[in-house]
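Residue-level structural notes
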Amino acid sequence: MPRLFVALPVPEEIADELTALQSGVPDARWMPPENLHVTLCFVGEVQGGVMRDLEEELADIAGPRFAVAVAGVEQFSSGKQPRALVATVERSDRLDWLQQKVATVARNCGIELERRKYRPHVTLARFGNSAETGHHLAQFMATHSTFKAGPWIADHFALYSSRTGRNGSIYTEEAAYALTF
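Attention in this report is confined to the structure presented alongside it. Not measured: the values here are computed from a predicted model.

It is at 9 Å that the axes of helix H2 (residues 48-58) and helix H3 (residues 93-108) come closest, and there the two elements cross at 145°. For H2 against H3, the interelement crossing comes out right-handed. Contacts from Leu54, Glu57 and Leu58 of H2 reach H3 at Val102, Val105 and Ala106.

A separate point is the pattern of salt bridges. In this structure the tally under the stated criterion is three salt bridges. Put simply, Glu114 and Arg116 hold a salt bridge, and the shortest N to O gap is 3.1 Å. The class of Arg116 is exposed, set by a relative accessible area of 62%.

So, on to the sheet that holds strand S9 (residues 168-178). Across the sheet, which stays open at both edges, the four strands sit in the order S3-S1-S8-S9 with antiparallel pairing between neighbours. The sheet is open, and its two edges are formed by strand S3 (37-45) and S9, each paired on a single side. When strand polarity is set aside, the average angle formed by the axes of neighbouring strands in this sheet is 25°. Two elements, strand S1 (residues 3-9) and S3, share seven bridges in a ladder whose sense is antiparallel. What sits directly across from Phe5, in S3, is Phe42.

Here the focus is the nonpolar core. Within soluble globular proteins, side chains that are nonpolar generally end up buried alongside one another. Within the largest apolar cluster, 58 residues are counted, with the highest numbers of intra-cluster contacts made by Leu8, Leu18, Leu54, Leu58 and Phe157. Counting residues per element, this core draws most heavily on H3, at six residues. Ignoring sequence-local partners within four residues, the contact set of Leu8 consists of His37, Val38, Leu40, Phe66, Val68, Leu95, Leu98, Ala154, His156 and Phe157.

The next thing to look at is the state of the cysteines. Per the counting criterion, the structure on display carries zero disulfides. No disulfide involves Cys41; its sulfur sits 10 Å from the nearest other cysteine sulfur, which is in Cys109. Residue Cys109 is classed as buried on the basis of its relative accessible area, which comes to 13%.

Here we come to the pairing of strand S6 (residues 121-127). Of all seven residues that make up S6, six are buried, and the element is covered over most of its length. For strand S2 (residues 28-30) and S6, the ladder comprises three bridges, and the chain directions are antiparallel. When the bridges of S6 are listed, Ala28 appears paired with Phe127. Bridge count between strand S5 (residues 81-89) and S6: five bridges; the pairing is antiparallel. When the sheet's bridge partners are listed, Leu85 is paired in S6 with Ala125.

Attention now moves to the sheet that holds S2. As summarised here, the arrangement of the five strands in space is S2-S6-S5-S4-S7, forming an open sheet in which the pairing is antiparallel. The open sheet terminates on both sides in strands that have one partner only, identified here as S2 and strand S7 (148-154). Neighbour to neighbour, the strand axes of the sheet diverge by 35° on average, direction disregarded. Looking at chain direction, strand S4 (residues 66-78) and S7 are connected through five bridges and run antiparallel. In the sheet register, Val68 faces S7, and the bridge partner there is Trp152. This element, helix H1 (residues 12-19), spans S4, S5, S6 and S7 of the sheet and lies at about 160° to S7.

Moving on to unusual backbone geometry. Note that the residue after Gly150, namely Pro151, is joined by a cis bond; omega there is 10°. Mapped onto the elements, Pro151 comes out in strand S7. If you check the backbone angles, Asp27 has positive phi at about 70° while not being a glycine. Among the secondary structure elements, Asp27 is positioned in the loop between H1 and S2.

Reading the values: the criteria
- Residues numbered from 1 in each chain as written.
- Predicted model: local features only at pLDDT ≥ 70, side-chain atom pairs only at ≥ 80, totals over all residues.
- Heavy atoms only, no water.
- Axes fitted to C-alpha atoms, helices over the stretch in contact; angles between N-to-C directions.
- Helix = DSSP H or I, 4+ residues; strand = E, 2+ residues; numbered from the N terminus.
- Left-handed = near helix turned anticlockwise from the far one by under 90°.
- Contact = heavy atoms within 4.5 Å.
- Salt bridge = Lys/Arg side-chain N within 4 Å of Asp/Glu carboxyl O.
- Buried < 20%, exposed > 50% of the residue type's maximum accessible area, 1.4 Å probe, protein only.
- Pairing = 2+ DSSP bridges.
- Core = buried A, V, L, I, M, F, W, Y, C linked by side-chain atoms within 4.5 Å.
- Disulfide = S-S within 2.5 Å.

In structure tokens form, the structure reads like this:
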């Protein structure tokens, strides 16, 4: 069963700026530039028929292009344990609108989604359980707290599949959907 998510791809020039940040935190599993994206909706594992339905329904979303910008970094944690280091994406009405449309389409296809509040971001690194991570992570966040990248124009979003490879996840764009006006 494919594991799916819907996201805005990060343009190469922005990915280059983000990957230039990727150092100084031991035990970080840094994301390769081709895997950087702004998740709109994590779908998870689905049957092939649900994937086809989702692909078709996403094509019905007609929306405007809009500007996307990165401003700052933060960590996502589980309790006191850091799980991910992310670049924060500035919120906008158009980004929120698109995220809500994508989530509605997914639910209409019978997909159960997590009920947590949407926090737009680009994942820079993931962490396992390491005692050393905390200090270095705090130092990284203090050093890069004013980081900015973009804006860029989001002119499409995409349905991606994810599979585990030898060196981490491999993302494949399954379908792209233009934002046209």
